[in-house]
Amino acid sequence: MDLQTTSPEPKRPFFTSAAHFVRKYWLDYLVLFLIAGAIVALDQWSKVWVRAHVPLAGDWLPTWLAWLEPYARIRYWYNSGAAFGFFQNGNTIFSTLAIIVDGVILYYLPRTSRQDWWLRLAMGMQFAGATGNLIDRIIFHHVTDFISVGNFAVFNVADSSISVGVAILIVGIWLKERAEKKKAAHTSELIKDETKSE
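An account of the accompanying structure is given in this report. (Residues numbered from 1 in each chain as written. Predicted model: local features only at pLDDT ≥ 70, side-chain atom pairs only at ≥ 80, totals over all residues. Heavy atoms only, no water.)

## With respect to the overall build of the protein chain
Phase 1 of the analysis: When you go through the protein chain residue by residue, the secondary structure sums to 4 helices and 3 strands.
Phase 2 of the analysis: Walking the protein chain from its N terminus toward its C terminus, one meets helices and strands in the order α-β-β-α-α-β-α.
Phase 3 of the analysis: Residue pairs in contact within the protein chain that sit at least 24 positions apart in sequence constitute 64% of those at least 6 positions apart.
Phase 4 of the analysis: Accessible surface for the protein chain amounts to roughly 13600 Å². Of this, 68% is attributable to carbon and sulfur atoms. (Helix = DSSP H or I, 4+ residues; strand = E, 2+ residues; numbered from the N terminus. Contact = heavy atoms within 4.5 Å. Areas by Shrake-Rupley, 256 points an atom, 1.4 Å probe, with all protein chains shown as cover.)

## Here we look at the sheet that holds strand 2 (residues 72–79)
Phase 1 of the analysis: If you walk across this open sheet you meet the 3 strands as 1-2-3, and the pairing is antiparallel. The sheet is open, and its two edges are formed by strand 1 (59–60) and strand 3 (143–149), each paired on a single side.
Phase 2 of the analysis: Note: strand 1 against strand 2, 2 bridges, orientation antiparallel. Pairing of Trp60 across the sheet is with Ile74, part of strand 2. (Pairing = 2+ DSSP bridges.)

## Let's talk about helix 2 (residues 91–108)
Phase 1 of the analysis: Here helix 2 spans 26 Å end to end across 18 residues, near enough to the 26 Å set by a 1.5 Å rise per residue.
Phase 2 of the analysis: Here helix 2 has its buried residues at Asn91, Phe94, Ser95, Ala98, Asp102 and Ile105. One side of helix 2 holds all its buried residues, which, seen down the axis, span an arc of 110°. The outward face of helix 2, more than 90 degrees from its buried face, is lined by the exposed residues Thr92, Ile93, Ile99 and Tyr107. (Expected span 1.5 Å × (residues − 1). Buried < 20%, exposed > 50% of the residue type's maximum accessible area, 1.4 Å probe, protein only. Arc of directions from axis to C-beta.)

## Details of a nonpolar patch on the surface
Phase 1 of the analysis: Judged by side-chain polarity, Phe21, Val22, Trp26, Leu27, Leu30, Val31 and Leu34 come together as a nonpolar surface patch covering roughly 640 Å² of accessible area.
Phase 2 of the analysis: With respect to the helices and strands, the residue Leu27 is situated in helix 1 (residues 14–53).
Phase 3 of the analysis: The partly exposed category is assigned to Leu27, whose relative accessible area is 39%. (Patch = residues over 30% accessible without salt bridge, like charges linked within 9 Å, V, L, I, M, F, W, Y side chains within 5 Å. Salt bridge = Lys/Arg side-chain N within 4 Å of Asp/Glu carboxyl O.)

## Focus: the packing of aromatic side chains
Phase 1 of the analysis: For the structure on display, the rule yields 5 aromatic pairs.
Phase 2 of the analysis: Aromatic side chains Phe152 and Phe155 sit 6.2 Å apart centroid to centroid with 75° between the ring planes, which places their arrangement in the edge-to-face category.
Phase 3 of the analysis: For Phe152, a relative accessible area of 47% gives the class partly exposed.
Phase 4 of the analysis: Three or more aromatic residues joined by ring pairs form one cluster here, namely Tyr29, Phe33 and Phe127.
Phase 5 of the analysis: We note Arg111 situated over the ring of Tyr107; from NZ or CZ to the ring centre the distance is 3.8 Å. (Phe/Tyr/Trp six-rings, centres within 6.5 Å; stacked < 30°, edge-to-face > 60°. Lys NZ or Arg CZ within 6 Å of the ring centre and 35° of its normal.)

## Remarks on the packing of helix 2 against helix 3 (residues 117–140)
Helix-helix packing: each pair is described by the crossing angle between the helix axes and the interaxial distance.
Phase 1 of the analysis: Contact geometry of helix 2 with helix 3 gives a least axis separation of 9 Å together with a crossing angle of 150°. For the pair helix 2 and helix 3, the sense of crossing is left-handed. From helix 2, Asn91, Phe94, Ser95, Ala98, Ile99, Val101, Asp102, Ile105, Leu106 and Tyr108 reach across to helix 3, where they touch Met123, Gln126, Phe127, Ala130, Thr131, Leu134 and Arg137.
Phase 2 of the analysis: Of the residues that constitute the contact of helix 2 with helix 3, the class distribution is 11 nonpolar, 4 polar and 2 charged. (Axes fitted to C-alpha atoms, helices over the stretch in contact; angles between N-to-C directions. Left-handed = near helix turned anticlockwise from the far one by under 90°. Nonpolar A, V, L, I, M, F, W, Y, C, P; charged D, E, K, R; others polar.)

Listed below in structure tokens is the structure:
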């Protein structure tokens, strides 16, 4: 009895594999970079405006919003730690972490389903937040903060993007698991009904 043996497929040259990867996933990365680019642009523009118009540790609000000052205001501050002012004097550590986070997101993106739009939106927002603050850390060795709400730590657009991205991720996972449980329960009921009918 002859056994048929199949020879393994020859490996593609690196450049051929890279070209295939780009053709397959360019749209996925384009969407990610569009989402992240818009948020990073807003983050950097807002920080430039605050540094140019508000003195360090100073507060600002337009006159017509003066009534809001006890609750929220623009307050120029900076920190060398994590989001919302935690873990000060860790600029190098958090710069390295931001690069790792961005790298993990870029690596993991093509491994996610296009149907999980909420996951990709969350990844885009987290990529934007990490990149926005990384730009500050590279240029100024600290992060510019300016959104002050009540007695909460001062934060910025990039911090908000990370937080909202995490919230979307948590809610999305919960909704997906809930839908899968409902689907499994429905399938189980159908199987029971078919068994009874037999």
